[in-house]
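Analysis of the macromolecular model
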Amino acid sequence: MTTRMEALGALLETARGSRPQSLANRETEEVLNITLATLIELAVANEKIDRLERMVADLRGETVESLRDVVYDGAIAEERQEATEALLIRALRILLDPRTRREQEQHL
Amino acid sequence: MKVRDVLHAVLPQTTAEERSRQGAVISLRRLLNAKVRPHNMESYEAEGLPAFLKAHGRAPQSADEVQKAFFLSPAYRQWSAANRAAQEMIWVSVGEPVYRDLDRMKEAAADLINSPSRRGSLTLSPDYTPSPEVADTDIHLQPGGFAMDRGEGDIVAGALYECGGNVFSFGQGAGKGDSKAGATIRLLDERFDGFRPGKMLDIGCSAGAASAAYAYEWPDTQVHAIDIGAGMLRYAHARAESLGVAVHFHQMDASDMRFPDNSFDLVVSHNMLHEIGEEKRRAMFREALRVVRPGGIVLHQDVAIRNAPTLVHEVERSWDADFNDEPHWRTYATANLVEDMLAAGFARDSIMEHDLDSVQNLNRWYAVSGRKAA
């Protein structure tokens, strides 16, 4: 039984040739690659959620549209909003890092 | 017969997650091809060319300088970086299921290859060293390249080629019904009075998609196919057997074939011209003429990147040469193939160039054909 890690390892080991870069520096190009790969994984996760929604709707005997149309308010809505804001902070951490701002202030 | 997305026993059995990943890569590539790449010429005019003029005080004078000017455009650089990343993700999306399911696939291939009821055949040449100009490059970034052979029973090169080719082609906008063999058969109907061969050869058959399609469409035709790598050919043979069609695969170099003179009624190659250099291409043209019978037809089909209207268009189309490990892309795009066919020995009035419709999308193909004097 070959694991997914082993399969990916076997694939990566066989690649040959140089890797020309298009962007002005290597770090930027690598970040772009990681971002695009993450985008693909997000699409994979979205499809998985979609499949589950359809299965749950089927089990509940309702349409997938009505399942998705649930609106939460009150405490649940606040909890979701807080979770979304936390996700944004995690994703945009680099823009919010106070050290960057302090360094900029020192140059002013 | 469909050649893309056909189901057979040697394909990896993918999970829903793996299929989603391949679908996402197809969508990304479609978006880049349909919405971003078409703006490359504007990026050149608006950003690249002005930056080059400012730096050098003159316009670019050569293909190399035009390419330098392209890379002075931030928008072009972003497209180029994203396109390279997307091409690499093709191989990740298909390579994981291939290596994960490889033991089962190899077993399925061995059963088909050794089956007493097999219809075609496989002739490997262990003494042959695959041509380095193809074997030593990971053409269109396929890890390990077309000629990778990891030992007895290995089929990885063929599996990667077919699965990666599907993701690539769907990302280019190809339909599931697209077929280079289908486009060729239609050309034979329209321009060669419905010519049908009793025996034919497919040069550079890779995973055997076109070879199997010919065998399916023309069950009375004896179909032979050659390529350079054992891993590719084992897969192609098992694939054809699984689809129930008879193809005779041989490990052989296109520039030095082992078939006797006048062996075939029809000799074709599909998307091979852009994978080989000038010398090999000319030798292959000579060999194709040698092995086709008098009155027989030779037809080489490839991508429609030739006859670019300007040098700037030509350089834009040549991105693959430097960023997709297609070293002969530009050589093919600018070659005088009619002169090469003449030099191979075809009569001038037998040589035709063709602008072919795809079977099921808006893409086009190029082909050059010649007929051996009767």
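This text gives an overview of the structure that appears in the document. (Residues numbered from 1 in each chain as written. Chains lettered and ligands numbered in written order. Predicted model: local features only at pLDDT ≥ 70, side-chain atom pairs only at ≥ 80, totals over all residues. Heavy atoms only, no water.)

Moving on, we get to the pattern of salt bridges. The tally for this structure, following the rule as stated, stands at 36 salt bridges over all chains. With its nearest N and O atoms 4.0 Å apart, the salt bridge here joins R51 of chain A to E47 of chain A. Pair noted here: R51 of chain A and E47 of chain A are both in helix α2 (residues 26-60), with a separation of four residues, about one helical turn. On the accessibility criterion, E47 of chain A (40% relative accessible area) is partly exposed. Two residues, E17 of chain B and R21 of chain B, come together in a salt bridge whose shortest N-O distance is 3.1 Å. With E17 of chain B and R21 of chain B both in helix α1 (residues 16-36), this residue pair falls four residues apart, about one helical turn. The exposure class of E17 of chain B is partly exposed, given its relative accessible area of 22%. One connected set of salt bridges, linked through shared partners, spans R4, E41 and K48 of chain A together with E17, R21 and E96 of chain B. (Salt bridge = Lys/Arg side-chain N within 4 Å of Asp/Glu carboxyl O. Helix = DSSP H or I, 4+ residues; strand = E, 2+ residues; numbered from the N terminus. Buried < 20%, exposed > 50% of the residue type's maximum accessible area, 1.4 Å probe, protein only.)

Right, let's get into the pairing of strand β5 (residues 264-270) of chain B. All names here are of chain B. Of all seven residues in β5, seven are buried, a share of seventy percent or more. With four bridges connecting them, strand β2 (residues 199-203) and β5 associate as parallel partners. By the bridge assignment, M200 is partnered in β5 with L266. Bridge analysis of β5 against strand β6 (residues 292-303) gives six bridges, and the strand direction is parallel. Following the sheet pairing, F264 is matched in β6 by V292. Of the crossover connections in this fold, the one passing from β5 over helix α11 (residues 278-291) to the parallel β6 is right-handed. (Pairing = 2+ DSSP bridges. Right-handed = clockwise from strand over helix to strand, strands pointing away.)

Residues and elements named next belong to chain B. A sheet is described by the order of its strands in space; here eight strands give the open sequence β1-β4-β3-β2-β5-β6-β8-β7, paired in mixed fashion. With partners counted over all chains shown, the strands left at the sheet margins are β1 (121-123) and β7 (352-357), one partner each. Averaged over all pairs of adjacent strands, the angle between their axes in this sheet comes to 20 degrees, without regard to strand direction. Packed onto the sheet, α11 meets β2, β5 and β6 and runs at close to 145 degrees relative to β6. (Axes fitted to C-alpha atoms, helices over the stretch in contact; angles between N-to-C directions. Contact = heavy atoms within 4.5 Å.)

The next thing to look at is the interface of chain B and chain A. Across the contact, 36 residues belong to chain B and 28 residues belong to chain A. Both sides together, the interface formed by chain B and chain A hides about 2,700 Å², and carbon and sulfur atoms give 61% of it. Our count for the chain B to chain A interface comes out at five salt bridges. Here R19 of chain A ties to E88 of chain B by a salt bridge, and the two come within 2.8 Å at their closest N and O atoms. Between chain B and chain A we count eleven residue pairs in polar contact (both at pLDDT 80 or more) in total. Broken down by secondary-structure element, the contributors of at least two residues to the side of chain B that touches chain A are α1, α4 (74-100) and α13 (319-323) of chain B. Per element, the largest residue contribution to the side of chain B that touches chain A is 15 residues, and it comes from α4 of chain B. (Buried area = accessible area lost by both parts, 1.4 Å probe. Polar contact = N/O pair within 3.5 Å; in protein donor to acceptor, adjacent residues only side chain to side chain.)

This next bit is on the side chain of D227 of chain B. All names here are of chain B. Of note, D227 is situated in strand β3 (residues 222-227). Buried charge D227 goes without a salt bridge, the closest partner of opposite sign being K280 at 10 Å. At 3.2 Å, the side chain of D227 and the backbone nitrogen of C205 are in polar contact. In this structure, D227 is in contact with G204, C205, S206, L233, H250, Q251 and M252, ignoring residues within four places of it in sequence. (Lys, Arg positive; Asp, Glu negative; His and termini not counted.)

So, on to unusual backbone geometry. Residues and elements named next belong to chain B. In this model, L141 sits at a positive phi of 70 degrees, which is unusual for a non-glycine residue. Structurally, L141 is set in the loop between α6 (132-135) and α7 (156-172). Judged by relative accessible area, L141 falls into the buried class, the value being 9%. The phi dihedral of N307 falls on the positive side, at around 60 degrees, and the residue is not glycine. If you trace the backbone, N307 turns up in the loop between β6 and α12 (311-317).

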